[in-house]
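Breakdown of the fold
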Amino acid sequence: MNTAVATDERAPLSERLEPYMAIIAPMAMIAAIFLFMAVASPDRFYRISNLELILQDAALYMPMAMAMTFVITQRGIDLSVGSVAVLSAIIMAFLVKQFGFSIYVGIPIALSIGALLGLINGLVITRFNVPDLIGTLAMDLVYKGLALLLAKGLVLARFPDVLTEIGRGQTPFFIPTPAVIGILTMVAGYYILQRTHFGRYTVAIGSSPESAELTGIGVKRHKVYAYVLCGACAALAGLMLTGKQNAIQATMAPFFNLHVIAAVVVGGTSLFGGRASIIGSFSGVLLLAMMLNALVTLRIEFFWQPVASGFVIISSVALYAWIQKKDRDGAGGWFADLKTAEGQKTVRFAALIIGVLIGLLAIGGIFAGDPVPSG
């Protein structure tokens, strides 16, 4: 007689949360910011105009974050998106302002130039076997130098209404036009990732390039495709930035690269490849835009914003890693590590460094002289 033994074994927490893992960390941080601002400055933060401003600021990074998701999923990285965006926009601006090109011609040319620069990045990496990090960093310097040579310190401004509509327009439904463009690129990226061979090949290449090559996937060719997409989306972001400011110069967008990469990583896309989430990247972009807006709303000095951005990124990724590890070791993740001898040494060493730093600050404060007048 067969007897069925009922077991109440549940899957580990990390496995149950795996489908939602990519958006848990950024959504938790977004909720924390909402709750904090509800106490700190609800009258200014929760205004409709301010929420529209958050969407407008986030929209600038959405196309690049979507494309960067594919690049990072394939174990690559693109540190040239900021320079690609600026160089493409400057070339468009010169064509329109100096040579009388129609804006309807200038915009497609800018997108084509961005795709061409992305193609150059891909070929440098795949044909010359230059590591992605070094290759795109070097090309970032090249594109930045070309932008400086072309602009020669000039600020090109006052563009046709079509471009300003792309950068800061408003739809009849009170949603900024750039937000509509950014969301559409995210939707397109989600469809490509989930429904096309390119999306499936991207994940396969990131999981194991050698295995993907053995199954007949053109790994190098698909890496080039990802960089072309990234270049075109960077050019789109450059057009949106130009329309938003109604001006463009070579030194704009200095933090595009790290901001976009941070949003993608915060959204759960693995830097080691093989795991991608367009929804997570969308959440990461919203998180960073909301965090910077909250700092401005609270009148925090501008120079503290990069510090806060770093802490938010570390907190989000750390929360993501902790959720994944919590059930795997069966003893509480990082907290269990701190109980080990190695963990205790780390804690004591960190406490020593913090203590020395506090002591130096105290000594400096005691012996500090009168402040030197500025100006």
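Below or above, wherever it landed, is the structure these notes cover. Model, not experiment: these values are computed from the prediction.

The subject of this paragraph is the overall build of the protein. Helix and strand counts for the protein come out as 18 helices and two strands. Burial statistics for the protein: of 375 residues in total, 45% are counted as buried. Residue pairs at least 24 apart in sequence account for 76% of intrachain contacts in the protein once pairs closer than 6 positions are excluded. Accessible area for the protein stands at about 20100 Å²; split by element, carbon and sulfur atoms hold 69% of it.

With their axes 9 Å apart at the nearest point, helix H4 (residues 48-59) and helix H15 (residues 278-297) run at an angle of 130° to one another. What the angle tells us is that H4 and H15 run oblique. Of the two possible hands of crossing, H4 and H15 adopt the one that is right-handed. Between H4, through Asn50, Leu53, Ile54, Leu55 and Ala58, and H15, the contact on the second element is made entirely by Val285, Leu286, Ala289, Met290, Asn293 and Thr297. Here the contact of H4 with H15 is built from residues that sort into eight nonpolar, three polar and no charged.

To continue, consider the side chain of Thr126. Examined against the element boundaries, Thr126 turns out to sit in helix H7 (residues 103-127). Side-chain polar atoms of Thr126 contact the backbone oxygen of Gly122, separated by 2.7 Å. Those residues in contact with Thr126 that lie beyond four places of it in its chain are Lys220, Lys223 and Val224.

A few words on the environment of Leu133. You can see Leu133 is positioned in helix H8 (residues 132-151). Here the alpha-carbon distance between Leu133 and Ser80, two residues 53 residues apart in the chain, equals 9.8 Å. Residues within four places of Leu133 in sequence aside, it is in contact with Ile77 and Leu79.

What follows concerns helix H5 (residues 62-73). For H5, with twelve residues, the first-to-last C-alpha span of 17 Å sits near the 16 Å given by 1.5 Å per residue. Within H5, twelve of the twelve residues are buried, which leaves it mostly tucked inside the rest of the structure. Where H5 is concerned, the buried positions are Met62, Pro63, Met64, Ala65, Met66, Ala67, Met68, Thr69, Phe70, Val71, Ile72 and Thr73. Just downstream of H5, Arg75 is the residue with a positive phi angle, here 65°.

Next up on the list: the packing of aromatic side chains. Going through the model one piece at a time under the given rule, you end up with five aromatic pairs. Between Phe45 and Tyr46, the aromatic rings sit 5.2 Å apart at their centres with planes inclined by 85°, giving edge-to-face as the arrangement. On the numbers, 5.3 Å between centres and 65° between planes, the contact of Tyr61 with Phe256 is edge-to-face. In this pair, Tyr61 is assigned in the loop between H4 and H5 and Phe256 in helix H14 (residues 256-266), connecting sequence segments 195 residues apart. For the residue pair Tyr61 and Phe256, the accessibility class agrees, reading buried in each case. Among the aromatic side chains, those forming a connected cluster through ring pairs are Phe34, Phe45 and Tyr46. Positioned over the ring face of Phe159 is Lys97, at 5.8 Å from the centre of the ring.

The tally for this structure, following the rule as stated, stands at three salt bridges. Among the salt bridges present, the one from Lys244 reaches Asp57, with a minimum N-O distance of 2.7 Å. Of this pair, Lys244 sits in helix H13 (residues 219-245) while Asp57 is found in helix H4, placing the two residues 187 residues apart along the sequence.

Ranked by size, the top nonpolar core spans 84 residues in total, and within it Ile33, Met64, Met68, Ile90, Leu163, Ile248 and Phe256 carry the most contacts. Among the elements that line this core, the one with the most residues is helix H6 (residues 81-97), at eleven residues. Leaving out residues up to four positions away in the same chain, Leu163 has contacts with Met92, Ile103, Ile107, Leu239, Thr242 and Gly243.

Next up on the list: unusual backbone geometry. At Lys152, a residue that is not glycine, the phi angle is positive and equals roughly 55°. A relative accessible area of 67% means that Lys152 is categorised as exposed.

A cluster of nonpolar residues, Phe36, Leu298, Ile300, Trp304, Val307 and Phe311, forms a patch on the protein surface that exposes about 600 Å² of accessible area. Within the fold, Phe36 resides in helix H2 (residues 21-40).

Cut-offs and rules
Residues numbered from 1 in each chain as written. Predicted model: local features only at pLDDT ≥ 70, side-chain atom pairs only at ≥ 80, totals over all residues. Heavy atoms only, no water. Helix = DSSP H or I, 4+ residues; strand = E, 2+ residues; numbered from the N terminus. Buried < 20%, exposed > 50% of the residue type's maximum accessible area, 1.4 Å probe, protein only. Contact = heavy atoms within 4.5 Å. Areas by Shrake-Rupley, 256 points an atom, 1.4 Å probe, with all protein chains shown as cover. Axes fitted to C-alpha atoms, helices over the stretch in contact; angles between N-to-C directions. Parallel < 35°, antiparallel > 145°, perpendicular 65-115°, else oblique. Left-handed = near helix turned anticlockwise from the far one by under 90°. Nonpolar A, V, L, I, M, F, W, Y, C, P; charged D, E, K, R; others polar. Polar contact = N/O pair within 3.5 Å; in protein donor to acceptor, adjacent residues only side chain to side chain. Expected span 1.5 Å × (residues − 1). Phe/Tyr/Trp six-rings, centres within 6.5 Å; stacked < 30°, edge-to-face > 60°. Lys NZ or Arg CZ within 6 Å of the ring centre and 35° of its normal. Salt bridge = Lys/Arg side-chain N within 4 Å of Asp/Glu carboxyl O. Core = buried A, V, L, I, M, F, W, Y, C linked by side-chain atoms within 4.5 Å. Patch = residues over 30% accessible without salt bridge, like charges linked within 9 Å, V, L, I, M, F, W, Y side chains within 5 Å.

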